[in-house]
Amino acid sequence: MLFVTVPSPQAKEKLQATIDNYLREKIVLAAEAISKSAFEKINDNDVILVYGCSSLVNRTLCDAHTQTDRTFRVIVVDSRPRLEGRETLRRLVRHGIHCTYVMINAISYVLPEVSKVLLGAHALLANGSVMSRVGTSQIALVSKAYNVPVLVCCETYKFCERVQTDSFVSNELDDPDDLIVQRKGQAQLGGWAENNSLRLLNLVYDVTPPDLVDLVITDLGMIPCTSVPVVLRVKNVDQQ
Amino acid sequence: MSTDDLIETFRAQLRDDPDVASAVAAIRALLGFLRQDRGETIQGLRSSLRDAIDTLSRVDSSVAVNSGGELFLRFISLTSLEYSDYSKCKEIMIERGEIFLRKVSLSRNKIAKLCHPFIRDGARILTHAYSRVVLRVLEAAVESKKRFSVYVTESQPDQAGQVFINLQKMAKALRKLNIPVTVILDAAVGYIMEKVDLVLVGAEGVVESGGIINKIGTNQIAVCAKAQNKPFYVVAESFKFVRLFPLNQQDVPDKFKYKADTLKTSQNLTEEHPWIDYTSPSLITLLFTDLGVLTPSAVSDELIKLYL
């Protein structure tokens, strides 16, 4: 904490040092720590399902492939309109990991052969809910129905003190025109704006309730979803 | 102190006091080891204690010995060891070790005090295998003048001879307390569940998710209890809390699943029968520990406090 009596240039330096430190510890090193604990959960002959594009998950899988001699294959699930799974696919295939690519409609078809699901998160809310890219809660729900463990990788800086019980509250709306698709020269939803009774909804995030998530891997270790408030409490004590 | 002496002390503790938990015997042996250690540095001491814990785990592969040893090590090194004099530091560590041992020996009575009010007069209790903590709880309930009856499962391992000893142990102990006991087959749990009011089991280890590792068959009992809406209570001391997080049965490390001798001599572990299974936290109603009465989700909070 900086006192008002510290002269300006020194205060600036101290602030810069603190920011650099925070960046290094909580973001860069945390990613390494998470990747290390996460690949302990990857066993030989595992089939891992991933969704969208998460830098943590990609890093874990690539590290597990290069640093251990375990054989596993990955099923990349993707969804419109962002199609972020293609980036994941590109990165993993470049590392030599055996991948399968499906759209989100096919998850009930592939889930019986999946051994675990590895997801990223944008934020972890105080009641243990996971806020992530839209489609994540769907994957968690169907995985629960098939008894497949769901693991979420998340750094502690993403833990926030807000509580949300549904996905509509404080979500982001993306450009609805992204949902329009050209097929055989015809844009099916092209004239949606002129139609009074038609609205296109392109949501960016959704919220997964804590009972659908089995394990959260953070830089503080592996914790259940319900322990997020404890970590927040410990963090607050640290900062004081 | 050599490894053989350590193992001998551990075994002697178990022989002299058959009522003691194996983890407590391990901690006593470790305290003796600490006293006789001839090292000159703290790092050296910690690494030799770690090796000692490994040695003891190889003798008795239960989760509790491992977690108890780990917690002991953390408790004694948690002080600010700022003294430059090594012998003073060592004295403090030994003192803390004794405090830990004393706390741990009182834990069973604390648990019994917390748990026996949940046993109402006329209750029918189902329990599994031989647990000294459950026995202590039932003793406390008898002392508070409650009448209840107990169903005990046979808790079959594969050697038929062992069965007899196991079944005799729990049933005998209960009969000594004048509690009406019925021994049932492991397969009869689903049949008896409708008659039972509550299920009470011990644990060999409590994992981070709030689930437990216990004698094989516990998971089945928990699933039956959930299906028939009967409360499933677990009693465990806090030194059994371990930083594992199994996702399913396969995820429990092999070193806990099989007995220490089997691990050393067996060629192919897939042919051996596991001795323990993992019960997930969604099937457990409450855990009674010396840290209080906890819901499964509170276990992780307590673990974070214990280990961080």
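Keep in mind it's a predicted model, so treat the numbers as computed, not measured. (Residues numbered from 1 in each chain as written. Chains lettered and ligands numbered in written order. Predicted model: local features only at pLDDT ≥ 70, side-chain atom pairs only at ≥ 80, totals over all residues. Heavy atoms only, no water.)

A. Structural context of the domain arrangement of chain B. Residues and elements named next belong to chain B. Entries for chain B in the domain assignment read domain 1 (3-106) and domain 2 (111-307). Centre-to-centre, using C-alpha coordinates, domain 1 lies 26 Å away from domain 2. Here domain 1 packs against domain 2, burying approximately 1,500 Å² in sum over the two surfaces, 61% of which is carbon and sulfur. Of all residues in domain 1, the largest losses of buried area upon contact with domain 2 belong to S61, V63 and L71, amounting jointly to 38% of the total for that side. Where domain 1 meets domain 2, there are 0 salt bridges. The interface formed by domain 1 and domain 2 holds 4 residue pairs in polar contact (both at pLDDT 80 or more) in total. A per-element tally of the side of domain 1 that touches domain 2 places helix α4 (residues 63-76) first, with 8 residues. (Domains from an automatic or database assignment. Buried area = accessible area lost by both parts, 1.4 Å probe. Salt bridge = Lys/Arg side-chain N within 4 Å of Asp/Glu carboxyl O. Polar contact = N/O pair within 3.5 Å; in protein donor to acceptor, adjacent residues only side chain to side chain. Helix = DSSP H or I, 4+ residues; strand = E, 2+ residues; numbered from the N terminus.)

B. Just the packing of helix α1 (residues 8-38) of chain A against helix α2 (residues 55-67) of chain A, in detail. All names here are of chain A. The interhelical angle for the contact between α1 and α2, taken along N-to-C directions, is 55°, at an axis separation of 9 Å. Comparing the axis directions of α1 and α2 gives the class oblique. Crossing angle aside, the handedness with which α1 passes α2 is right-handed. Residue-level inspection shows A31, E32, I34, S35 and A38 of α1 in contact with α2, the latter providing L56, R59, T60 and D63. Looking at the contact of α1 with α2 residue by residue, the class counts come to 4 nonpolar, 2 polar and 3 charged. (Axes fitted to C-alpha atoms, helices over the stretch in contact; angles between N-to-C directions. Parallel < 35°, antiparallel > 145°, perpendicular 65-115°, else oblique. Left-handed = near helix turned anticlockwise from the far one by under 90°. Contact = heavy atoms within 4.5 Å. Nonpolar A, V, L, I, M, F, W, Y, C, P; charged D, E, K, R; others polar.)

C. Geometry of unusual backbone geometry. Here A:R80 and A:P81 are connected by a cis peptide whose omega angle stands at -5°. Its place among the elements puts A:P81 in the loop between β2 (72-78) and α3 (85-94). Even without a glycine there, the phi angle at B:A129 is positive, about 55°. Within the secondary structure, B:A129 sits in the loop between β1 (123-127) and α6 (132-143).

D. Structural context of the pairing of strand β4 (residues 116-120) of chain A. All names here are of chain A. Burial analysis of β4 places 5 of its 5 residues in the buried class, the great majority of the element. Going residue by residue along β4, you find K116, L118 and G120 tucked away on one face and V117 and L119 tucked away on the opposite face as well. Here strand β1 (residues 46-51) runs beside β4; their pairing, made up of 3 bridges, is parallel. Each bridged residue has a counterpart across the sheet, and for V50 the counterpart in β4 is L118. (Buried < 20%, exposed > 50% of the residue type's maximum accessible area, 1.4 Å probe, protein only. Pairing = 2+ DSSP bridges.)

E. Representation of the interface of chain B and chain A. The interface of chain B with chain A comprises 12 residues on the first partner and 16 residues on the second. Between chain B and chain A the total buried area reaches about 1,100 Å² when both faces are included, carbon and sulfur atoms providing 63% of it. Viewed at the interface, chain A and chain B are joined by 1 salt bridge. Of the charged contacts in the structure, one is a salt bridge between A:K41 and B:D251, with a shortest N-O distance of 3.1 Å. Joining chain B to chain A, the criterion identifies 4 residue pairs in polar contact (both at pLDDT 80 or more).

F. Layout of α2(A). All names here are of chain A. Between its first and last C-alpha, α2 extends 18 Å over 13 residues, near the 18 Å set by a 1.5 Å rise per residue. Those residues of α2 that sit buried are L56, V57, N58, T60, L61, C62, D63 and A64. Residues of α2 that are buried make contact with α1, β1, β2, α3, β4 and β7 (150-153). (Expected span 1.5 Å × (residues − 1).)

G. Representation of the pattern of salt bridges within the structure. Applying the stated criterion across every chain, the model contains 20 salt bridges over all chains. Across the pair B:E237 and B:R108 runs a salt bridge whose closest N-O atoms are separated by 3.7 Å. Of this pair, B:E237 sits in the loop between β7 (232-235) and α10 (254-257) while B:R108 sits in helix α5 (residues 86-115), and the two are 129 residues apart along the sequence. For the pair B:E237 and B:R108, a shared accessibility class is recorded, and that class is buried. Here the residues in one salt-bridge network are A:R82, A:E84, A:R133 and A:D174, joined through shared partners.

H. Inspection of the sheet that holds strand β10 (residues 205-208) of chain A at higher detail. Residue and element names in this part refer to chain A. Spatial ordering of the open sheet is given by β5-β6-β10, a layout of 3 strands whose pairing is antiparallel. Edge strands, defined here as strands with exactly one partner in the open sheet, are β5 (123-124) and β10. Inspection of the sheet shows β5 paired to strand β6 (residues 130-133) by 2 bridges, in the antiparallel sense. Directly across from L124, in β6, lies its bridge partner V130.

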